[in-house]
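# Structural characterization, general
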Amino acid sequence: MTPRMVRYDSRAQQAQRLARTCVAQLSQTIEAKGHATLAVPGGSTPGPFLEAMSREKLDWSVVRVMLTDERLVPADHDRANAKLLRETLLQNEAAAARLIQLNPTPGLTPEEAAAEVTEHVLPVLPLDVCVLGMGADMHTASLFPGGDRLAEALAATAPTVIPMRAPGAAEPRLTLTAPVLQTATHIHILIQGQEKHDALDQALATTSALEAPIRAILAAPAGATVHYAD
Ligand SMILES: O=C1O[C@H](COP(=O)(O)O)[C@@H](O)[C@H](O)[C@H]1O
């Protein structure tokens, strides 16, 4: 399991070049199918990449955009991945894209929320382009080591969206599951800094996706490309 690795001279170069790569892949998909589905990560890393995407020319009106995972907080909360998406990707050229909400109706239990969100996600699968982040604990999306439903989320029979509670997560989450992420046509993993490079090396040295959930993505049939900048 050796991922393709692209190293960039700077984080700014990483954001710009990965945005161009993803837009080229979306453009090819639109030519072939008339529409495309893009999944992107939340968290602290992807802001500049998402902003760079927003400025790229593309027929964004036929692009469905969703998050790989969401934190179960109000949609306008500072920790909501949807807030990041609204403030970065869904502006400029990309304002015309259609957002597939991972934010459930307030007041639902995480289990009810997963069922509701699945109804929005299922019709726009499979993912054409999927960009994932990774935490220093080797989680990706909200597939966390120690997550209460991690084994279920990694199984080939996993549902599309699953709720996840984990010691490393400040709040309950909703996450796309491994089979959904692994079957994306193009998979990119966006990481920055030595700590995450070390975490990737650690993930490659273990054998279990339960210990290192990012392994589930690295093992995707079509492979994944890691995009790294210091
Ligand atoms: O909590 C999350 O963490 C991962 C990694 O985020 P980062 O802050 O270390 O960049 C992210 O990919 C995921 O979407 C997010 O919900």
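Residues numbered from 1 in each chain as written. Predicted model: local features only at pLDDT ≥ 70, side-chain atom pairs only at ≥ 80, totals over all residues.

Bringing helix H7 (residues 194-205) into the picture now. In a regular helix each residue adds 1.5 Å, so 12 residues correspond to 16 Å; H7 covers 16 Å between its end C-alpha atoms and thus fits that length. What H7 keeps buried is the set Lys-196, Ala-199, Leu-200 and Ala-203. Here the buried residues of H7 occupy an arc of 100° about the axis, which is enough to place them on one side. Turned more than 90 degrees from where H7 packs its buried face, Gln-194, Asp-198, Asp-201 and Ala-205 sit exposed. (Helix = DSSP H or I, 4+ residues; strand = E, 2+ residues; numbered from the N terminus. Expected span 1.5 Å × (residues − 1). Buried ≥ 20, exposed ≤ 12 C-beta atoms within 10 Å, placed from the backbone. Arc of directions from axis to C-beta.)

What follows covers the sheet that holds strand S7 (residues 161-164). Reading across the sheet, the 3 strands line up as S4-S8-S7 and stay open at both edges, with antiparallel pairing between neighbours. Among the strands making up the open sheet, the edge pair consists of strand S4 (69-71) and S7. Ignoring strand direction, the axes of neighbouring strands in this sheet form an average angle of 20°. Where S7 and strand S8 (residues 173-176) come together, 4 bridges link them in antiparallel fashion. When the sheet's bridge partners are listed, Pro-163 is paired in S8 with Leu-174. The sheet contacts of helix H4 (residues 110-121) involve S7 and S8, and relative to S7 the element is tilted by about 155°. (Pairing = 2+ DSSP bridges. Axes fitted to C-alpha atoms, helices over the stretch in contact; angles between N-to-C directions. Contact = placed C-beta atoms within 7 Å.)

Around the ligand there are 13 residues in total, and Pro-41, Gly-43, Ser-44, Thr-45 and Gly-133 lie nearest to it. Residues that form the shell around the ligand fall into these classes: 3 nonpolar, 9 polar and 1 charged. (Near = placed C-beta within 6 Å. Nonpolar A, V, L, I, M, F, W, Y, C, P; charged D, E, K, R; others polar.)

Moving on to the confidence of the model for the chain. Confidence in the prediction for the chain averages 97 pLDDT; 100% of positions are at 70 or higher. Scored by ipTM, the complex comes to 0.99, with pTM at 0.98. (pLDDT = per-residue confidence, 0-100.)

A cis amide bond links Leu-125 with the next residue in sequence, Pro-126, at an omega value of 5°. Among the structural elements, Pro-126 can be located in the loop between H4 and strand S6 (129-132). Of note, Met-138 is a non-glycine position whose phi angle comes to about 75°, a positive value. Tracing the backbone shows Met-138 in the loop between S6 and helix H5 (150-154). Within the chain, Ala-141 stands out as a residue other than glycine whose phi angle is a positive 45°. By secondary structure assignment, the location of Ala-141 is in the loop between S6 and H5.

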